[in-house]
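Architecture at a glance
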Amino acid sequence: MILILKKDVKEEGLNAILERIANAGLKPHISKGEERIIIGLLGDSRAKEKEYWETVPGIERVVRVLKPFKLASREFKKEDTVVDVDGVKIGGKSIVIMAGPCSVESKKQIIEIAKVVKKYGGKILRGGAFKPRTSPYSFRGLGVEGLKYLAAAKKETGLPIVTEAMSIEQVKIVSEYADIIQIGARNMQNFSLLEAVGKTKKPVLLKRGMSAKIEELLLAAEYILSNGNPNVMLCERGIRTFDTSTRNTLDISAVPLLKSITHLPVIVDPSHSTGKRALVTPASLAAIAAGTDGLIIEVHTNPEKALSDGMQSLYPEQFKLLVEKGRKVSAAIGRTIL
Ligand code: PEP
Ligand code: MN
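Structure report, in brief. All of these numbers come straight from a predicted model, not from anything done at the bench. (Residues numbered from 1 in each chain as written. Chains lettered and ligands numbered in written order. Predicted model: local features only at pLDDT ≥ 70, side-chain atom pairs only at ≥ 80, totals over all residues. Heavy atoms only, no water.)

Let us now look at the overall build of the protein. The secondary structure content of the protein amounts to eleven helices and 15 strands. Since a compact globule built from 338 residues should have a radius of gyration of about 20 Å, the 21 Å found for the protein is in line with a globular shape. Counting only C-alpha atoms, the protein reaches 65 × 45 × 40 Å along its principal axes. For the protein, long-range pairs separated by at least 24 residues make up 69% of all intrachain contacts whose partners lie at least 6 apart in sequence. (Helix = DSSP H or I, 4+ residues; strand = E, 2+ residues; numbered from the N terminus. Rg over C-alpha atoms; globule rule 2.2 N^0.38 Å. Contact = heavy atoms within 4.5 Å.)

With distances of 2.0 to 2.3 Å, the protein atoms coordinating the manganese ion (ligand 2) are Cys102 (SG), His272 (NE2), Glu298 (OE) and Asp309 (OD). Sequence spacing of the donor residues for the manganese ion (ligand 2), all on one chain, is C-x169-H-x25-E-x10-D. Note that His272 is positioned in helix 9 (residues 270-274) and Asp309 in the loop between strand 14 (294-298) and helix 11 (316-332), a separation of 37 residues in sequence. Take His272 and Asp309: they sit in the same class, and that class is buried. (Donors = N, O, S within 2.8 Å, 3.2 Å for Na, K, Ca; no water. Buried < 20%, exposed > 50% of the residue type's maximum accessible area, 1.4 Å probe, protein only.)

The strand order across the open sheet formed by four strands is 2-3-1-4, and the pairing between neighbours is antiparallel. Two strands bound the open sheet, and with one partner strand each, they are strand 2 (27-32) and strand 4 (59-63). Each adjacent strand pair in this sheet contributes to an overall mean axis angle of 20°, direction not counted. As judged from the three bridges shared by strand 1 (residues 2-5) and strand 3 (residues 37-42), these two strands associate in the antiparallel manner. Residue pairing across strands places Leu3 opposite Ile39, the latter belonging to strand 3. Across the sheet, helix 1 (residues 11-23) touches strand 1, strand 2, strand 3 and strand 4, and the angle it forms with strand 3 is around 10°. (Pairing = 2+ DSSP bridges. Axes fitted to C-alpha atoms, helices over the stretch in contact; angles between N-to-C directions.)

Considered for burial, the residues of helix 5 (residues 168-177) that qualify are Gln170, Val171, Val174 and Ser175. Seen along its axis, helix 5 keeps its buried residues to an arc of 130°; they face one direction. Helix 5 presents Glu169, Lys172 and Glu176 as exposed residues on the side facing more than 90 degrees away from its buried surface. Lining the buried residues of helix 5 we find helix 4 (144-157), strand 9 (161-164), strand 10 (180-183) and helix 6 (191-198). (Arc of directions from axis to C-beta.)

To continue, consider the nonpolar core. Among the nonpolar cores identified, the biggest contains 71 residues, and Leu125, Leu206, Leu234, Ile297 and Phe319 are the most heavily contacted of them. Here the element with the most residues in this core is helix 7 (residues 214-226); it accounts for seven residues. Shared between two domains, this core takes at least three residues from each, and those domains are domain 1 (2-63) and domain 2 (83-337). The contacts of Leu234, once residues within four sequence positions are left out, are Leu206, Leu217, Leu218, Ala221, Leu258, Thr262, Leu264, Pro265, Val266 and Ile267. Ranked by size, the runner-up nonpolar core spans 15 residues in total, among them Leu5, Ile17, Ile21 and Ile37. (Core = buried A, V, L, I, M, F, W, Y, C linked by side-chain atoms within 4.5 Å. Domains from an automatic or database assignment.)

Written out as structure tokens, the structure is:
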């Protein structure tokens, strides 16, 4: 349930409403807009019906949110959420490109790739320092050293950083270096980790689990939002299907569907969803046409030697072309690439 308060509600009136909410065994989620206050009721809202709240002084309107996700829903917030990452606005009119290697491999490597990303139109640098790998014997990232190299690349290029935190213990150190904390597909339903990033105010890129339904993705986002962090971006990165000809199956319909039911920005990862370099550009163009707010793309200056995901990493020239074509598709749908 969402309570929309009257414009002239004073502090006393608000406190009285909050007391009623507490007495009903519910938790309030307060959003103070420019004009009025909106309160989301979290918990079992059957405790008190819509009609009850409509009679409470100071409340102008009550909206029942039928969906299981509340704070993430369009009913709760009509306008698109725009996440501000160090001045780069994600979720607005412009489409934002994030790019970089799968893993940070050395200081030289990440700085070299960061320069390519910047030169060809990327606005955010990606690079994993803590890597979730299927096999424990694969390269699992440089850890804190990798974060330091990302900081060096940021210093050199000015590009903000997106990088993954895999566990609660890593959240603190990752938030010191990252401008966006990535929650990987394998951790989408690691609820304690979601709560931990929810307690920070850092922007979060929440990747869809490989077998997760859209509703489960939004409920995962709800864990972050309900812990006080409104800066959540959702990422479609492909899901597991019966087909093994691509690494995953890009669920392109997830983009317009998500845009219709949530106000949160939607990002597409054409690299992990296809797993094949040749498919990354077409998938990116489709994602732009479908209404994505951004792309996160793997780019490498020497993909053959990459320590992870070389097969799906673009060569610098391919990345350049992707952005050029992307600009044309964006223009065709009345948007621009930032
Ligand atoms: C990644 O972005 O490097 C990654 C591991 O992605 P995902 O969690 O989507 O597999
Ligand atoms: Mn990767």
